[in-house]
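# Close look at the chain arrangement
Here is how the chains run, residue by residue.
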Amino acid sequence: MIAFHSPQTLEDASALLAAEPSARPLSGGTDLLVQMRSGRVEPAAIVDLKQIPSMRGIRAHDGGFAIGAATPCTALLDDAALCAAWPGVVEAANLIGSVQVRNRATMAGNLCNASPAADSVPALIAADARALVVGPAGEREVPIADIPAAPGKTNLAQGEFVAEIRLPAKSASGGDAYLRSIPRTEMDIAVVGAGVSLVLDSSGTCTAARVALGAVAPTALLVEEAGAALVGTGLDDAALDRMADAVRAACNPINDKRGTVEYRTAMAAILAKRATRIAQSRAGANS
Amino acid sequence: MSKIAVTATINGDEQEFLCEPGESLLDALRMRLNLTGSKEGCGSGDCGACTVMMDGRMVCSCLVLAPEAEGKRIETIEGVAEGSVLHPIQRKFLEMGGLQCGFCTPGFIVAAKALLERDPDPSETEIRYWLAGNLCRCTGYDKIIRAVQEAAAEMRQERVVS
Ligand SMILES: Cc1cc2nc3c(=O)[nH]c(=O)nc-3n(C[C@H](O)[C@H](O)[C@H](O)COP(=O)(O)OP(=O)(O)OC[C@H]3O[C@@H](n4cnc5c(N)ncnc54)[C@H](O)[C@@H]3O)c2cc1C
Ligand code: FES
Ligand code: FES
């Protein structure tokens with residue numbers, strides 16, 4: 001028989017998770033309940049994080065944003081400042097599933113479920129977001145890319161959980177974007193995903209760039225060489241071609257019925273280019 | 001471990017029920033409260049036949065644990081009609097053949113009502129995206145979309161008159 005807990009504080013949540021090795025945090029439940037029903041996970045205890053006040057809602061933090069880990073994806077759309085600063089992140093989170101699913105699903109759950117195809121994760125990595133991890137030993141801030149360890153596995157220790165997703169202050173002339181490829185138009189898992197975040201100077205020269213990929217490796221990847229290929233350029237076609245070469249070189253996808261290695265690799269480069277153009281136009285509109 | 005007592009406002013009335021900790025809200029509605037209008041098509045969030053409103057947002061009740069309903073406002077298909085008077089969306093589904101076997105219908109109606117309450121005049125594309133989480137194996141969707149459009153038009157008319 002399973003136990004259901006709804007702690008009111010971060011400390012209580014951490015103690016409950018530390019006390020039972022098979023205990024699982026519950027955010028939106030859109031992965032966890034499906035996995036419990038299929039028998040893939042059999043926790044002895046469920047710790048619902050949604051009653052902890054600091055874990056819900058979005059607040060200003062260090063010039064950027066702190067998003068409570070239990071905030072559902074659709075609630076991100078209601079925050080005008082967040083949508084203006086990080087449209088790529090908000091769009092990525094709102095590609096997940098259906099409206100019914102997004103009204104429950106969270107970015108933290110998307111991250112900690114550790115699927116290589118999780119849609120919000122490349123966008124968060126591109127944005128240089130961090131996770132505030134809380135546990136028995138206190139709290140620490142971890143880059144998003146360091147949370148997933150392998151498909152279905154995270155680097156979180158027993159009793160640790162994500163309490164906040166923190167997005168940095170957006171540069172005045174920055175822009176971000178996320179695109180994914182799915183065989184259908186809705187309700188499908190990414191075959192490839194690409195997130196890009198750029199900063200331009202007043203002449204349109206790229207001064208910083210982060211390119212992240214989903215579904216082409218066991219975990220979402222930050223492709224530093226791809227970002228480096230854009231920095232110092234005016235984002236001309238040749239620069240984007242060099243970026244695309246770096247993206248293809250970083251891909252190490254699986255072959256399955258939803259996409260071959262060749263298809264995923266080729267599409268990763270195409271989506272990264274398209275996302276770069278969208279991020280560029282957003283950055284330009286802001287400068 | 002003993003059962004959990006949950007108090008929630010269901011279709012406007014405060015109700016208390018006992019449930020297992022790992023039980024879905026859908027099972028609690030159907031088995032404990034006898035509200036069998038919401039259906040289980042998949043149990044995995046894919047089909048939307050179990051759609052209900054929770055604190056004003058539509059969710060798959062198969063992916064909500066019953067204890068999570070504590071203190072929440074839940075609205076199900078049973079609360080859509082007013083007594084014997086059907087909601088315009090329900091009437092248009094009947095008039096325009098928006099259902100065949102009917103298994104998906106409660107979910108579609110709850111979802112369509114949620115859409116028209118926030119946007120009285122959605123485009124066809126908006127309707128189709130909003131309803132992407134509701135599957136129908138019978139109608140081919142077209143008649144469902146037309147029924148929602150007609151209901152929206154009628155509801156806008158009513159708003160002008162009243
Ligand atoms: C029909 C359907 C369609 C879907 N489509 C997509 C899609 O298009 N793209 C996509 O990326 N995903 C998709 N998903 C998967 C899922 O909805 C997302 O991964 C979602 O973001 C998970 O968030 P959640 O809050 O529901 O997580 P939960 O189910 O609550 O948790 C997921 C995992 O993370 C752990 N966890 C939850 N919160 C925390 C936390 N704060 N700290 C540490 N661990 C935590 C849980 O214990 C569990 O192991 C879909 C799911 C369904 C049912
Ligand atoms: S039964 Fe809940 S989505 Fe299918
Ligand atoms: S009417 Fe049969 S599934 Fe929709």
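So, how was this worked out
Residues numbered from 1 in each chain as written. Chains lettered and ligands numbered in written order. Predicted model: local features only at pLDDT ≥ 70, side-chain atom pairs only at ≥ 80, totals over all residues. Heavy atoms only, no water. Helix = DSSP H or I, 4+ residues; strand = E, 2+ residues; numbered from the N terminus. Rg over C-alpha atoms; globule rule 2.2 N^0.38 Å. Buried < 20%, exposed > 50% of the residue type's maximum accessible area, 1.4 Å probe, protein only. Areas by Shrake-Rupley, 256 points an atom, 1.4 Å probe, with all protein chains shown as cover. Lys, Arg positive; Asp, Glu negative; His and termini not counted. Charge placed at Lys NZ, Arg CZ, Asp CG, Glu CD. Pairing = 2+ DSSP bridges. Axes fitted to C-alpha atoms, helices over the stretch in contact; angles between N-to-C directions. Core = buried A, V, L, I, M, F, W, Y, C linked by side-chain atoms within 4.5 Å. Near = heavy atom within 4 Å. Polar contact = N/O pair within 3.5 Å; in protein donor to acceptor, adjacent residues only side chain to side chain. Nonpolar A, V, L, I, M, F, W, Y, C, P; charged D, E, K, R; others polar. pLDDT = per-residue confidence, 0-100.

## Some details on the overall build of chain B
- Counting its regular elements, chain B contains five helices and five strands.
- When the helices and strands of chain B are placed in sequence order, the string is β-β-α-β-β-β-α-α-α-α.
- Compactness check: chain B gives a C-alpha radius of gyration of 16 Å against a globular reference of 15 Å for 162 residues, within 12% of the reference.
- The principal-axis extents of the C-alpha atoms in chain B amount to approximately 50 × 35 × 25 Å.
- By residue count, 51% of the 162 residues in chain B fall in the buried class.
- For chain B, the exposed area adds up to about 7,500 Å²; of that, 48% sits on carbon and sulfur atoms.
- One finds the centroid of the 17 positive side-chain charges in chain B at a distance of 4 Å from the centroid of its 24 negative side-chain charges.

## What to know about the sheet that holds strand β5 (residues 64-68) of chain A
All names here are of chain A.
- With antiparallel pairing, five strands are arranged side by side in an open sheet as β4-β5-β10-β6-β7. On the outer flanks of this sheet lie β4 (58-61) and β7 (138-143), each paired with one strand and no other. In this sheet, neighbouring strand axes are inclined to one another by 30° on average, regardless of whether the strands run parallel or antiparallel.
- In terms of strand pairing, strand β6 (residues 130-135) meets strand β10 (residues 161-167) through five bridges, oriented antiparallel.

## Let's talk about the nonpolar core
- By size, the foremost hydrophobic cluster in this structure holds 56 residues, and its most contacted members are A:Ile144, A:Phe161, A:Val162, A:Ile165 and A:Leu167.
- Counting residues in hydrophobic clusters, the runner-up holds 32 residues, among them A:Leu32, A:Val41, A:Ile46 and B:Val59.

## Details of the site of ligand 1
- Residues in close proximity to ligand 1 total 36 residues, the closest being A:Pro25, A:Thr30, A:Asp31, A:Leu32 and A:Thr106.
- Neighbouring residues of ligand 1 are distributed over chains A and B.
- Contacts to ligand 1 include A:Pro25, whose backbone N or O atom sits 2.6 Å from an oxygen atom.
- Notes on ligand 1: free accessible area 980 Å², of which the protein chains cover 95%.
- At the level of secondary structure, the elements contributing two or more residues to the shell around ligand 1 comprise β2 (24-26), α7 (107-112) and β10 of chain A.
- Split into classes, the residues belonging to the shell around ligand 1 amount to 19 nonpolar, eleven polar and six charged.

## Comments concerning the confidence of the model for chain B
- Summarising the model, chain B shows a mean pLDDT of 96, and 99% of its residues fall at 70 or more.
- For this predicted complex, the interface confidence reaches an ipTM of 0.96, while the overall pTM sits at 0.97.

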